[in-house]
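Spelled out from the first residue to the last, the chains are:
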Amino acid sequence: MKCLKPLLVLCVVCFVIGFFAAVWFWLQGVGSRVYALRTPSEGDVRGETVLTPREGGLSAPELTTGTGVAATQLPGEWLCFRGEARDNIAHASETLTHNWSEAGNRPHVLWSVPLGEGHAGAAVWAGRVYLIDYDESQSADAVRCLSLADGSEIWCWRYPQHIANNHGRTRTVPAIATLSAAPSKMSPANGANGTDRADDAEGSDGGNTKSDEDGKNSTTESETRVVTLDPKGVLFCHNAITGELRWSCNLVERFQTVVPGWYVGQCPLIDADRVIVAPGGPDASFAALSLVDGSELWRSANPSKFPMSHSSIVPMTSHPGAEVADSATVDANAANMSEDKVTPRKMYVWCGEGGVLAVDAGTGALLWETSLWKVGTATVASPLQISERELFFSGGYKSGAMLLRLTGANLPDGSAADSVTPEEVYRLKFRDFEAEQHTPIFYRGYVYGERKQDPQFVCLDPRTGKKCWESGRANRIGNGYGPFMLIDDVFYLLDDKTGELVMVSATPEKYIELGRCEVIPDCVNAWGPMALAGNRLILRDERRLFCVELH
């Protein structure tokens, strides 16, 4: 018995230690539940080739036409991610009421369309709504064109590709542009320029001709094209009216892109007749492709090997004399450039995983790079230009925010890139501000955005980094993942949990909520970016697209 007592005591001690250890690990799991669930699954997004049929699914690309008709009589367009100015600021076609107390003034749903699980946002042009989708029944990615009038399908181009659900499948917004001039010569589909082209079952003419409203007999001088970037890093360019495929480019094959966890979230940028992307390849941080045929125009160095992130490219015009804006916008600052007699330089800025790069917009030459700003786990929000030499960065996963200033020469004459030095001005803790999902909006000298930690809408003074206000815990906006947009001096925010549309006055004085109205019933994860055409707001949750009329 004497020998058993120490053994019994040891067992009790081990049990107690094991019990409290189990409780501790369980509590740790509870505290990081969302983080753990959002961790990418290994092997979900790599090592597969586009256009790979899956048993029981679509066997080849196909273009189908529906009964939908373009609502060309409806005003407004939203041509790309965050709009043409990339600032997420829009203007309605009519004066909107800011009083939703009366039923007749409240926003209401005009139509809705079921979607595959995802978060891809829409672009709008000429009464048509464009978005990428996933057809789960066919194991096929899809580029869809719907009528702005009623959501009926005008055309759909599907191609076989297996995409496992990893917190949704789609995340990007199409870009739409009209060719500025007819090309003198088209590059071959698989010629020396290395252009990848998908099998086009519908017999695309390669871009030598353009379809008019009836889909026939016009020239490329006015052909409008829609460019999409799919979940596994393949660019597709289609005739925006007929859906005919013009060209494609596999970033993984051409630039050795490594597809990020949760699939590609970067939205393509069209600048004139060039498609600008950030492949994040070993020797290609950025690349410019011809909108005409997909041929490569230039690629930029990637000395630090920053891989592709979910962040999208932002055009920036740099200017050495500009200070942080106080009561004027970036455009107003730009008006002073002629007085300083300094030629500004246009650059593209992009957040890779691990740092930030900027390249000359004309040549792709690397201008500067820095690892001062980097986000753990996933970089999503894009850079936000505050003045002609300042950028505001923000991110989730406890990254907080930072203001970066470019010092030194501004390279107006093409001088050496090392004459510009990026410097940190200040840094904010994540408890003050962290934009995990959506890029903030800079308006009249102030930054507005959603904070993921203790989810609230926040207004910051970018000159100091100090908060002007936050919405307060009584006015939380979902989980902090919902989209928002500024429309004519008023913010419209979508609660990603409740499906409520929230109106907030765009003033730095204090948080003023103007109204709330449910627009997405039984809402689940409404994370996709908004689009506005006229007074029609395009929204989505995980499995539905909605067109909401604002009054």
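Structure: see above.
As a starting point, this report considers the structure included with it. Treat the numbers as computed from the prediction; the structure is a model and nothing was measured. (Residues numbered from 1 in each chain as written. Predicted model: local features only at pLDDT ≥ 70, side-chain atom pairs only at ≥ 80, totals over all residues. Heavy atoms only, no water.)

Topic: the overall build of the chain
As a reminder, the rule being used: For the purposes of this entry, the term helix denotes a DSSP run of H or I that reaches at least four residues, the term strand denotes a run of E that reaches at least two, and both are numbered from the N terminus. Buried means the residue's accessible area, taken with a 1.4 Å probe over protein chains only, is under 20% of the maximum for its type, while exposed means over 50%, and partly exposed covers the values in between. We call two residues in contact whenever any of their non-hydrogen atoms come within 4.5 Å of each other.
Across its full length, the chain carries 5 helices and 36 strands. Counting all 551 residues of the chain, 57% fall into the buried class. Of the contacts formed within the chain by residues at least 6 apart in sequence, a portion of 63% connects residues at least 24 apart.

Here we look at the packing of aromatic side chains
Where we set the bar: Side-chain rings of Phe, Tyr and Trp, where Trp is taken by its six-membered ring, are said to pair if the distance between their centres is within 6.5 Å; with planes under 30 degrees apart they count as stacked, over 60 as edge-to-face, and otherwise as tilted.
Scanning all chains against the criterion turns up 16 aromatic pairs. Both rings, one in W100 and one in Y492, keep their centres 6.3 Å apart while their planes meet at 50°; by these two values the pair is tilted. Taken together, the residues W100 in the loop between β2 (89-90) and β3 (108-114) and Y492 in strand β31 (residues 490-494) connect sequence positions 392 residues apart. As far as burial versus exposure is concerned, W100 and Y492 are alike and both buried. Taken together through their ring pairs, the aromatic side chains of Y448, F457, W469, F484, F491 and Y511 make up a single cluster.

Observations concerning the nonpolar core
Soluble globular proteins tend to bury their nonpolar side chains together. Our working rule: Among buried residues, those of type Ala, Val, Leu, Ile, Met, Phe, Trp, Tyr and Cys that are joined through side-chain atoms within 4.5 Å constitute a nonpolar core.
Ranked by internal contacts, the top residues of the largest apolar core, which has 39 residues, are V129, I487, Y492, L537, I538, L545 and L550. Taken together, the elements giving at least two residues each to this core come down to β3, β5 (128-135), β30 (484-487), β31, β32 (500-505), β34 (531-533), β35 (536-540) and β36 (544-549). Broken down by element, the residue count for this core peaks at 4 residues, all from β36. Counting residues in hydrophobic clusters, the runner-up holds 23 residues, among them V227, C237, L251 and L289.

Some points on the sheet that holds strand β20 (residues 355-360)
The line we're drawing: When DSSP locates at least two bridges between a pair of strands, those strands are taken to pair. Lines fitted to C-alpha atoms define the axes, with helix axes restricted to the stretch in contact, and inter-axis angles between N-to-C directions lie between 0 and 180 degrees.
In spatial order, the strands read β18-β19-β20-β21; together these 4 strands make up an open sheet with antiparallel pairing. On the outer flanks of this sheet lie β18 (314-318) and β21 (366-370), each paired with one strand and no other. The mean angle between the axes of side-by-side strands here comes to 25°, regardless of whether they run parallel or antiparallel. In the sheet, strand β19 (residues 345-352) pairs with β20 via 6 bridges, with the strands oriented antiparallel. Across the sheet, residue M347 finds its bridge partner in β20, namely D360.

Considerations on the pattern of salt bridges
The condition that has to hold: Take a side-chain nitrogen of Lys or Arg and a carboxyl oxygen of Asp or Glu: if they are within 4 Å of each other, that pair is a salt bridge.
On inspection of all chains with the given rule, the structure shows 26 salt bridges. The residue R158 makes a salt bridge to D135 at a minimum N-O spacing of 3.1 Å. Of the two residues, R158 is situated in strand β7 (residues 153-160) and D135 in strand β5; the sequence distance between them amounts to 23 residues. Exposure class is identical for R158 and D135. Each is buried. D360 serves as the salt-bridge partner of R345, at 2.8 Å between the closest nitrogen and oxygen.

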